[in-house]
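Here's the letter readout for the chains.
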Amino acid sequence: MTIKERGYAHWDGELQDGRFPWWPITRIGIRLTFKRKFFKFFFGFTLIPALVWLVGIYVSERLEDFKFMMEGETDFLNVNPLYFKTYFTNDFLLFMVVMILVFCGAGLIADDLRHNALQLYFARPLKKRDYLTGKAAVIFFFLFIVTLIPGIVFILFKLIFAGNFQFFASYPWLILSVIAYSVLITTFFAFYTLLLSSIGKNRRYVSILIFGVYIFSDIFSAIFKEIFRSHYFYLLSIKSNLQQVGAVLFDQRTPWNIPWYYSLTVIIAICLFSAYILKQRVRGVEIIK
Amino acid sequence: MTAIIQTQNLSKWYGNVLGLSDVTLEIEQGITGILGPNGAGKSTFLKLITGQIKSNIGSVTIMGQPVWNNYPQFSEIGFCPEQDSFYGEMTGWQFLTSLLRLYHLSSTEIEKKADKALEIVELSEDKNRAVRSYSRGMRQRLKVAQSIAHDPKIIILDEPLNGLDPLGRRKIIRLIKEYKGEGRTIVVSSHVLPEIEAMTNQIILIHQGKIFAQGDIHYIRDLIETHPHIISIRCSDPRQLAQKFIHHDFVLKVNFGLKKGVLLVETNSRDKFFGLLPSLFVENQIEVEEITSPDDNLQAVFDYLIGK
Amino acid sequence: MSVEIQQIHFSYGKIKALNGIDIRLPQGAIGLLGPNGAGKSTLLRILLGFLVPDSGEGSVLGYDIRSQQAMIRRYVGYMPEDDCFIPGMDAVSFTSYMGELSGMPRQEAMKRSHEVLYYVGLEESRYRMLETYSAGMRQRLKLAQSIVHDPKLIFLDEPTSGLDPQGRKEILELIMDISSKKDIQVLISSHILPDIEQTCSYVVILNKGEMAAEGQISELKQVQYSLYELKIKGEEQAFLDRLASMDSQVEQTEDKLLKVYLSPGTDPQDIFKIAVEEKVQIRHFVKSQTSLEDLFAKVVGVD
């Protein structure tokens, strides 16, 4: 016979080193994002291009059946690296990616700063690196769903619809391109979002920044380019830089007449700058006032 | 003594939220402590008696004059709000002088009074720093400074000790007692009951927008009949003493405390009990170490009247 | 020994924050006191492993404060002073999230978080969003997250700030209950001395980066001379005259408290004999002690 007396009771378990101490942060981040109003609807909307491209792949294998619908040009249905590049670098997809960042990324650090939650995290066996990894992983999760996953699905379905490995034999490097590009764009946006999220304390303000910096960098680069008639001003635009590097990764002509590694340098520079600022903003020491 | 602050059927509601309901009372010279749970109506009451908001029903008079819209009288009242409300860019000095300027004083007088107030709260060294850079305790002291700077006769302090360290608390409590000695009227609220007790015995207990009790703490305690008085005695032989008690009908309960030598007695007549006590000690040669009344204090009054 | 440090020095640039602190804490609840800027926060930062001392050695729960900071943070609970929570979560998922971050398995954390929320009295609102919590509830929530992983050492920073008398009493009762467990040490830093007096048996008082006083509260409060505080009812004057005839000095404070300094060699029980003879009731009889506030003021060098 045992009784449970009132009062504080111990927990009989052992605290352990998790293999991924950051994983709970990621899980909660994803769950909180899905709980936001309109997010599910919005996220579904983002997957529409992927569906359209998938249908395109199907049609490309059954061109004969769909002849009656096609008039003239069918080149765009030719599934080749250009087809992939078009999916990955089109303005709409990048725009939707930024919108997803607004939903899932704006509050990642800003909310913690605003509600003094950093001290709750860092009073636990958690390193700064774990914290940032956990937060970044939330962005990786959502962006991989709209980049890496569709890319791999396209290749698989192309093989399935075709019923042979000819496509794979023609472009064996394509899967590497998909992975490389997805990682690049996701890493960049993870740094970009975490940076902006760590400089504001207000989620709304950060949302505007995430959206605004992306859009205005594009607008300003276009204006300067018109004034000075130099393609180099495209380096100011986040979108153009990503498209430039994307084109190279898929072995296509770059959209602008400037060396692609300039764009890559800009992207890496932004990432490094973000890492530096994040290190300054997310500090354990100051949690006890 | 005549009442300094008088309220008549004072009631205030915000939309359909009750702030204060039918409060009639008089506050006399000296220190009066105001207490009650969060949301009880303390702040509403303090704002009403300082003329910051208008009551829906009832009136407030201070020294016989109505408070609402009585601008000349505002210079007799100092108020320290619970919330921080500063212009962060201003220095402590600028903040004080700009408030003092509202009282139509000459500029030399303003400077003199601001200096004096800052000295009282020990902010003189930091007076030229922006308020934004002040610590929580410094802000609190600045708030107190602005409430006393114009030398008011009536000082209303809403949680003035919040965020202060023990030395800061001690100083402000001393200051308040000094002001009492100068014949001013001070109304002070706090959530820390021992601090109220350190300042005054006169309290107003507000709960659910009503006055639950007003007056001297010990007098209020005596009025609460539902809870018999508990008396704790620490002595050499508590069990022998207990035997003597059980023959008397005014002793309701005898307990032995957890600490060694402690006897807890409940009685419904303190007079009879204490009348008997010394002779019991002397007759039975019991050595007394301590006699206290653990429930004759503000915490007990609060618990019995408001606690769950 | 839960906390043991020797000769800890620390400075922020040129500003010296801690200047040779030695602490060996006994069991039970400990009060950490000091005026603003005394170095309390710096000490807490070092004990929690956020700062490495410039010089000096020490261990918390047997783990070295210089090299095993992660282990220290695993087995301590920390209740911050600031209002803090994560928006968009309910209390159960928040508390179990915090448990997981400390290294609890997910299912266990969930079970345990229900338990601790019951314990701190949030059982009815544990599924509510944290944004809707009142100040008192958030304070309880902070306590819940600090004990969810069953720490061996709990740091509480101003645990009663912003609470009304009822809430303050309840939180203090919880703290006393936790610290009554022999295998949990509680360290409370607070500006509200009555709270410390109620919950702690031992205090450490810092001032200007140095130890100003340390010891059992009851011992620190003892006074050497024979001073008694009395409240009486009845024929006051006759009683006072008799006391004076015994060579004792009597002072009366404004709230009717008699302070009786007995001359050396006088038996305090004689007071009761006089009371019987003069038919006076003695309603309060206590051997006088220094108050914690006076003690504090004295050791930090203010009158």
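Keep in mind that this is a model prediction, so the values were computed, not measured. (Residues numbered from 1 in each chain as written. Chains lettered and ligands numbered in written order. Predicted model: local features only at pLDDT ≥ 70, side-chain atom pairs only at ≥ 80, totals over all residues.)

Colleague: I would appreciate a short explanation of the overall build of chain A in the present structure.
Modeller: A count of helices and strands for chain A gives 14 helices and zero strands. Walking chain A from its N terminus toward its C terminus, one meets helices and strands in the order α-α-α-α-α-α-α-α-α-α-α-α-α-α. With respect to the principal axes defined by its C-alpha atoms, chain A has extents near 80 × 60 × 35 Å. Expressed as a percentage of the 289 residues in chain A, the buried residues total 37%. Taking as baseline every contact in chain A between residues at least 6 positions apart, the subset at least 24 positions apart corresponds to 75%. (Helix = DSSP H or I, 4+ residues; strand = E, 2+ residues; numbered from the N terminus. Buried ≥ 20, exposed ≤ 12 C-beta atoms within 10 Å, placed from the backbone. Contact = placed C-beta atoms within 7 Å.)

Colleague: Got a minute to help me understand the packing of helix α11 (residues 174–199) of chain A against helix α13 (residues 238–249) of chain A in this structure?
Modeller: For any two helices packed against each other, the geometry is given by the interaxial angle and the distance between the axes. Residues and elements named next belong to chain A. The N-to-C vectors of α11 and α13 enclose an angle of 165 degrees; their axes lie 10 Å apart at closest approach. The angle between the axes of α11 and α13 places the two elements in the roughly antiparallel class. Relative to α13, α11 is oriented so that their crossing is right-handed. Touching Ser177, Ala180, Tyr181, Leu184 and Ile185 of α11 are Leu242, Val245, Gly246 and Leu249, all from α13. Classifying every residue of the contact of α11 with α13 by side-chain character gives seven nonpolar, two polar and no charged. (Axes fitted to C-alpha atoms, helices over the stretch in contact; angles between N-to-C directions. Parallel < 35°, antiparallel > 145°, perpendicular 65-115°, else oblique. Left-handed = near helix turned anticlockwise from the far one by under 90°. Nonpolar A, V, L, I, M, F, W, Y, C, P; charged D, E, K, R; others polar.)

Colleague: What is the right way to look at the interface of chain A and chain C in this model?
Modeller: Between chain A and chain C, the residue contacts involve 30 residues of the former and 36 residues of the latter. Class assignment for the residues of the side of chain A that touches chain C results in 16 nonpolar, nine polar and five charged.

Colleague: Looking at this structure, how should I read the domain arrangement of chain B?
Modeller: Residues and elements named next belong to chain B. Looking at chain B, the domain boundaries give domain 1 (3–218) and domain 2 (224–306). Relative placement of domain 1 and domain 2: their C-alpha centres are 40 Å apart. Each partner contributes to the interface: domain 1 provides twelve residues, whereas domain 2 provides eight residues. Secondary-structure elements contributing two or more residues to the side of domain 1 that touches domain 2 are α7 (193–199), β9 (202–207), β10 (210–216) and α8 (217–223). For the side of domain 1 that touches domain 2, the per-class residue count stands at nine nonpolar, two polar and one charged. (Domains from an automatic or database assignment.)

Colleague: Looking at this structure, how should I read unusual backbone geometry?
Modeller: For residues besides glycine, phi is generally negative; the peptide bonds are generally trans as well. Not every positive phi belongs to a glycine, and Gln7(C) is a case in point at roughly 50 degrees. Among the secondary structure elements, Gln7(C) is positioned in strand β1 (residues 3–12).

Colleague: Help me out: how do you make sense of helix α6 (residues 107–114) of chain A in this one?
Modeller: Because an α-helix completes one turn every 3.6 residues, residues spaced three or four positions apart along the sequence face the same direction. All names here are of chain A. Of all the eight residues making up α6, six are buried; the element is thus mostly covered by neighbouring parts of the structure. Of the positions making up α6, those classed as buried are Gly107, Leu108, Ile109, Ala110, Asp111 and Asp112. Once α6 ends, the next one or two residues include Asn116, with phi positive near 55 degrees.

Colleague: Help me understand the interface of chain B and chain C, please; the structure alone is not making it clear to me.
Modeller: How large an interface is tends to be reported as the accessible area lost when its parts come together. Taken together, the 31 residues of chain B in the interface contact 32 residues of chain C. Elements with a minimum of two residues in the side of chain B that touches chain C: α6 (166–181), α7, α10 (270–284), β14 (288–292) and α11 (298–306) of chain B. Grouping the constituent residues of the side of chain B that touches chain C by class yields 17 nonpolar, ten polar and four charged.

Colleague: Is there a simple way to explain the pairing of strand β12 (residues 251–256) of chain B in this structure?
Modeller: Residues and elements named next belong to chain B. Relative to strand β13 (residues 262–267), β12 runs antiparallel, the two sharing five bridges. Bridge pairing in β13 places Val251 opposite Thr267. The turn joining β12 and β13, which pair antiparallel and follow one another in sequence, is formed by five residues; a positive phi near 80 degrees is taken by Gly261. (Pairing = 2+ DSSP bridges.)

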